[in-house]
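In case you want the letters, here they are:
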Amino acid sequence: MLKRLFAAAALAVTAIFGAHAQKTEVTLSYGAYTQMDATDMKDGWKHVNTAWGALNAGVNFKVAPKIWVGPSYTFSSTTTKGGPEHSNIAYHAVMINGRYHYYSNSIVSLYGKVGLGVEFSRMQPLVGDNYTKAYCAFQIVPIGAQVDISRQWAMYAEAGFGAQGMFQFGFKYKF
C-alpha cells in the first residue's frame, strides 16, 4: 500500500512538473508547535513531552504565474517523561504543498499555502520492539510572507497550523 502511494505521488509530481515548471526553489525552515504535539500522533502513549519543533525541507516548482507546488519533508522528535519507561518518538512527515501568492511587489510577497500527506510516528519504547504508526499530515497557512534578499535568496515566515508548525521561519534558494 505504501509503495503504491509513493509511486502515485512520484508519477503525479513528474506529470505536473515535467512540462510546466518554469522556476524551482529549495526551502529550509524551522516550525514551532506542530500538529504532532496538538493531536494524538503518539499511539496513545502517556506522559509525552512537547517536541522541540520541526525541521522542514522542500522543493517547489512554479506551475502558473502565482502558483507553486512541490513536495516537502518534515522531521521532529520527542521523548516521554523520565523513569523506567523513558522512550523516544521520531516524527517523519512527507507532504505535497500548494502555494498561492495573492499580493506581490518588488520586495515582499504575501501568500497562502496548503499541504497534505502522511506522517510516520516511529515509536521507540525502552522496553519492547520499535514500531511505526502512520497518520494524516496537513498544513494550512492563511498568511505567509516572503522577503527577497537577493535574486537567489529569500527569507520567509508563515502563520498557520499543521505538521510543519504553527509558526515557521526559513530561507529559500531560487534557481
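Just so you know, these numbers come straight off a predicted model, no measurement behind them.

1. Focus: the environment of Tyr30
Phase 1 of the analysis: Checked against the element boundaries, Tyr30 lands in strand β1 (residues 24-32).
Phase 2 of the analysis: With 127 residues separating them in the primary sequence, Tyr30 and Ala157 have C-alpha atoms 9.7 Å apart.
Phase 3 of the analysis: For Tyr30, the contacting residues outside a window of four places in its chain are Trp52, Gly53, Ala54, Leu55, Asn56, Phe167, Gln168 and Phe169.
Phase 4 of the analysis: There is a polar contact of 2.6 Å between the side chain of Tyr30 and the backbone oxygen of Trp52.

2. Quick look at the pairing of strand β6 (residues 131-148)
Phase 1 of the analysis: Taken together, the 15 bridges between strand β5 (residues 108-124) and β6 define a ladder with antiparallel strand orientation. By the bridge assignment for β6, Glu119 is matched with Tyr135.
Phase 2 of the analysis: In textbook terms, the turn of a hairpin is the stretch between consecutive antiparallel strands, and for β5 and β6 this stretch comprises six residues, one of which, Gly128, has a positive phi near 115 degrees.
Phase 3 of the analysis: Hairpin geometry of β6 and strand β7 (residues 153-162) is characterised by an intervening segment of four residues between the two adjacent antiparallel strands.

3. Observations concerning the side chain of Ser29
Phase 1 of the analysis: Mapping Ser29 onto the fold places it in strand β1.
Phase 2 of the analysis: Separated by 3.4 Å, the side chains of Ser29 and Tyr156 make a polar contact.
Phase 3 of the analysis: In terms of polar contacts, Ser29 uses its side chain to reach the side chain of Gln168, at 2.7 Å.
Phase 4 of the analysis: Apart from residues lying up to four places away in sequence, Ser29 is in contact with Ala54, Leu55, Asn56, Tyr156, Gln168, Phe169 and Gly170.

The rules behind each value
Residues numbered from 1 in each chain as written. Predicted model: local features only at pLDDT ≥ 70, side-chain atom pairs only at ≥ 80, totals over all residues. Heavy atoms only, no water. Helix = DSSP H or I, 4+ residues; strand = E, 2+ residues; numbered from the N terminus. Contact = heavy atoms within 4.5 Å. Polar contact = N/O pair within 3.5 Å; in protein donor to acceptor, adjacent residues only side chain to side chain. Pairing = 2+ DSSP bridges.

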